[in-house]
There are 2 protein chains.
Amino acid sequence: MQNFEFHNPTRIVFGQQTIGKLAGLLPESARVLILLGGGSARANGTLDEVKTALGQRHVQEFSGIEPNPSFETLMRAVEQVRRDKLDFLLAVGGGSVIDGTKFVAAAVPFEGDPWTIMETHGRNVRSALPFGSILTLPATGSEMNNGGVVTRRSIQAKLAFSSAHTFPQFSILDPTVTYTLPPRQVANGVVDAFVHVVEQYLTYPVHARVQDRFAEGLLQSLIETGPEALARPEDYDARANLMWIATLALNGLIGAGVPQDWSTHMIGHELTALHGIDHARTLAIVLPASLRVRRESKRGKLLQYAERVWHVTEGSEDERIERAIASTRAFFEDMGMGTRLADYQLGAEAIDPIVTQLEAHGMTGLGEHRDVTLATSRRILETAL
Amino acid sequence: MQNFEFHNPTRIVFGQQTIGKLAGLLPESARVLILLGGGSARANGTLDEVKTALGQRHVQEFSGIEPNPSFETLMRAVEQVRRDKLDFLLAVGGGSVIDGTKFVAAAVPFEGDPWTIMETHGRNVRSALPFGSILTLPATGSEMNNGGVVTRRSIQAKLAFSSAHTFPQFSILDPTVTYTLPPRQVANGVVDAFVHVVEQYLTYPVHARVQDRFAEGLLQSLIETGPEALARPEDYDARANLMWIATLALNGLIGAGVPQDWSTHMIGHELTALHGIDHARTLAIVLPASLRVRRESKRGKLLQYAERVWHVTEGSEDERIERAIASTRAFFEDMGMGTRLADYQLGAEAIDPIVTQLEAHGMTGLGEHRDVTLATSRRILETAL
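What counts and what doesn't
- Residues numbered from 1 in each chain as written.
- Chains lettered and ligands numbered in written order.
- Predicted model: local features only at pLDDT ≥ 70, side-chain atom pairs only at ≥ 80, totals over all residues.
- Helix = DSSP H or I, 4+ residues; strand = E, 2+ residues; numbered from the N terminus.
- Rg over C-alpha atoms; globule rule 2.2 N^0.38 Å.
- Buried ≥ 20, exposed ≤ 12 C-beta atoms within 10 Å, placed from the backbone.
- Domains from an automatic or database assignment.
- Contact = placed C-beta atoms within 7 Å.
- Nonpolar A, V, L, I, M, F, W, Y, C, P; charged D, E, K, R; others polar.
- Expected span 1.5 Å × (residues − 1).
- Pairing = 2+ DSSP bridges.
- Axes fitted to C-alpha atoms, helices over the stretch in contact; angles between N-to-C directions.
- Core = buried A, V, L, I, M, F, W, Y, C linked by C-beta atoms within 7 Å.
- Least-squares fit on C-alpha atoms with pLDDT ≥ 70 in both.
- pLDDT = per-residue confidence, 0-100.

Regarding the overall build of chain A
Helix and strand content of chain A: 14 helices and eight strands. Against the 2.2 N^0.38 benchmark of 21 Å for 385 residues, chain A shows a C-alpha radius of gyration of 21 Å, consistent with a compact globule. Based on the C-alpha atoms only, the size of chain A along its principal axes is roughly 65 × 45 × 45 Å. Out of the 385 residues in chain A, the part that is buried amounts to 52%.

Here you go:
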């Protein structure tokens, strides 16, 4: 096991009828900015519930945080907070709204150009406004970690940051608010959480038994829960399990003390940037191909994954690995998403521009061994055709 | 899944050579009281390492916190802290030292009789001194939770308390400091952690997939790790896994959103009080008998436990349950501890006094269904003869 630090101070309030608990989670005197996405929280009644729970507090709203939240939009929220001397942020939405809220929280007290927060990946953050979240979309895990991704449209830069100061103070997870999500977003959440776990698990063995068992437990639970959550939108237990799995998939616990990969995410980000493909769908394209191309360096963990997650114990090592990868692909396709570039009308001509972008962004040595060169990324994309 | 809150702000610093990180975890100006147990930390060099890491800070020591820490002893530490205006507590030891430090932390600023902290189980605690721990014995999980048990010898009362204010700010877990532990204490730690998990897992199903998988992962990891940790004291990975498993077994995570039992602990406490049997050994006596007696109300989870933890899939339901219980008993015996009252020179005559004590302590409706009456406890003890 590798040395590690683990610290996660976010309070999780989980369950039915929990939005009313908001009242006890912020100061009576808080001057609150509610941050929102595209309007679903307003349409489905969640926003009304939140405002009722906030009672007599001074409350303002800021709507329109985009998927892949933009610096330009978020800076308007920063201005509003500074101008009106608001002192508590409340994200009501999914990962994009929560990521954006983290940036606003760090930018408000920041002296100097807030874009440098992104350029330093958060290392220059010394404080942040307190904030909480009401999660409406299980997927990214942002509700219980300190990281965020922000895009600056004017210079086409998409950067990640994190800071000890940008953990939510609390996150309220009420599975019933997810009943009205479009199936496409539910499927995206399942696959996003699955690949978050894989990036922290499917590397090489370091005798970290608990981390392996927890990761395998999350994957097994997703394989059971994903189809239920898609088939029966108002199945409380399915939605509850999905919500808690997605949170635990990226709250620092399973990644503590083990090597991590994240190359599937890096290659996927370029697919989103160039072709607008949903984040989760880019992962569904890249992961099966990446596992095939990199099977030698991942052999030990691939065999463990085959046995413990997919119960594949018969056949040669290579046959077992092949079956585990095929099962992974089949799971993503059961979630309703294509797993090949061709499913998104992309052919061999799409590969050069992606590799060029990876090079431009310095993505020349990815993965747990830093051995996913541009040539390897190219082979992965060719395998995904 | 049941509604729950989860909040655990303790920072874990895990790994080899991590005691030196202490310097960055307390204020430069801290006036520190180091709390110690019976002397092993002094003998094996851990205390010297700690004092070196604390550098120029004002440091005092308080030695002699007993197994089952006593109110009388801890109040002497409270006096020392108050008298010398110390402001940071550092526990160096196992669960008893950390439990005791939590009490001292709450008692120092407490106005009124500190024993009322125990009488209210911590509900009247409004603040506590900051404190951290250097864990030397993996077992109780106290290093990453907010609970403690304190005994008042003068009135033979042993009470538990917890408070939002009594989480350690940090705990340093260096597996190498456990190399010199006596085998008996290692075995006790393995069984203590195992039963902590079982108390939160082996109840009845509530469709909490992640909690079940995590609990099963901890149990499987203990079954693999326990014998290694006993056989090879300087096997780093075995000691590292044991340390992290024991912490995660009782940090609130696997118990969030599920029913809990804890009757094995309650019956076991009386065995310790009356006969001085090590806490873990009382659990090894009570648990197999309790599972046999209560097999009907635990049937669903017992079958799941048999299949997922012990890989028992053949035979009738009752045969599978019986094999799972037998495997549990065999595991405890492999750890070198007797699992029957007779192994501790206790016969049928011992049962009446235990039941009398349970009644005196109000333990008349234990377990996840509150249906472990005194009659059921008696049957459990008879089954454990």
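Here's the deal with the domain arrangement of chain A
Residue and element names in this part refer to chain A. Along its sequence, chain A is organised into domain 1 (11–177) and domain 2 (182–383). For domain 1 versus domain 2, the distance between C-alpha centres works out to 27 Å. Contact with domain 1, which involves 13 residues of that partner, is made by 20 residues of domain 2. Here the side of domain 1 that touches domain 2 is built from residues that sort into seven nonpolar, four polar and two charged.

Let's talk about helix α9 (residues 263–275) of chain B
Residues and elements named next belong to chain B. The end-to-end C-alpha distance of α9 is 18 Å, a good match for the 18 Å that 13 residues give at a rise of 1.5 Å each. Restricting attention to buried positions, one finds in α9 the residues Ser263, Thr264, Ile267, Gly268, His269, Glu270 and Leu271. Elements in contact with the buried residues of α9: β7 (157–162), α6 (183–201), α10 (279–293), α13 (351–360) and α14 (374–383). Two residues or fewer after α9 comes Gly276, characterised by a positive phi angle close to 65°.

Focus on the sheet that holds strand β3 (residues 58–62) of chain B
Two strands in a sheet stick together by hydrogen bonds in their backbones, pointing the same way (parallel) or opposite ways (antiparallel). As summarised here, the arrangement of the twelve strands in space is β3(A)-β2(A)-β4(A)-β5(A)-β8(A)-β1(A)-β1(B)-β8(B)-β5(B)-β4(B)-β2(B)-β3(B), forming an open sheet in which the pairing is mixed. Edge positions in the sheet fall to β3 (58–62) of chain A together with β3 of chain B, since each has one partner strand and no second. Neighbour-to-neighbour, the strand axes of this sheet turn through a mean angle of 25°, independent of strand direction. When strand β1 (residues 4–14) of chain A meets strand β1 (residues 4–14) of chain B, the two strands line up antiparallel, connected through seven bridges. Bridging across to β1 of chain B, Phe6 of chain A finds its partner in Ile12 of chain B.

Focus: the interface of chain A and chain B
Opposite the 32 residues of chain A that make contact, chain B presents 32 residues. Here the side of chain A that touches chain B is built from residues that sort into 14 nonpolar, twelve polar and six charged.

Brief notes about the nonpolar core
Ranked by size, the top nonpolar core spans 236 residues in total, and within it Leu35 of chain A together with Leu35 of chain B carry the most contacts. Look past the residues within four positions of Leu35 of chain A in its chain and what remains in contact with it is Phe62, Ile65, Ala77, Leu89, Leu90, Ala91, Val92, Val97, Gly100, Thr101 and Val104 of chain A.

Structural notes on the relation of the copies chain A and chain B
The two copies are related by a screw motion: chain A maps onto chain B through a turn of 180° and a shift of 0.0 Å along the axis, at an RMSD of 0.0 Å. Read as a symmetry element, the transformation amounts to a two-fold axis. Rotation axis and chain A: the residue whose C-alpha lies nearest the axis is Pro9 of chain A, separated from it by 2.1 Å. Most of the interface of chain A is mirrored in chain B: 100% of its interface residues are interface residues there too.

A word on the pairing of strand β6 (residues 147–152) of chain B
All names here are of chain B. As judged from the six bridges shared by β6 and β7, these two strands associate in the antiparallel manner. Bridge pairing in β7 links Val150 to Leu159. Taken together, β6 and the strand that follows it, β7, pair antiparallel across an intervening segment of four residues, in which Gln156 is found at a positive phi of about 50°.

A few points about the confidence of the model for chain A
Reading fine detail from the predicted coordinates is not recommended where pLDDT is low. Averaged over every residue, the pLDDT of chain A is 97; the share at 70 or more is 100%. In the predicted assembly, ipTM is 0.97 and pTM is 0.97.

Some words on the pairing of strand β2 (residues 31–36) of chain A
Residue and element names in this part refer to chain A. Counting buried positions over the six residues of β2 gives five, a clear majority of the element. Judged from the five bridges that link them, β2 and β3 form a sheet pairing that is parallel. The residue bridging Arg31 from the neighbouring strand is His58, located in β3. By the bridge criterion, five bridges tie β2 to strand β4 (residues 88–93) in an arrangement that is parallel. For Leu35, the partnering residue across the bridge sits in β4 and is Ala91.

So, unusual backbone geometry
Here Lys85 of chain A, not a glycine, exhibits a phi torsion of approximately 50°, which is positive. At Gln17 of chain B, a position not held by glycine, the phi torsion is positive, near 60°. For Gln17 of chain B, the position within the fold is in the loop between β1 and β2 (31–36).

Details of the environment of Leu381 of chain A
Residue and element names in this part refer to chain A. By the element assignment, Leu381 lies in helix α14 (residues 374–383). Here the alpha-carbon distance between Leu381 and Gly268, two residues 113 residues apart in the chain, equals 10 Å. For Leu381, the residues in contact, after removing those within four places along its chain, are Ile351 and Ile354.

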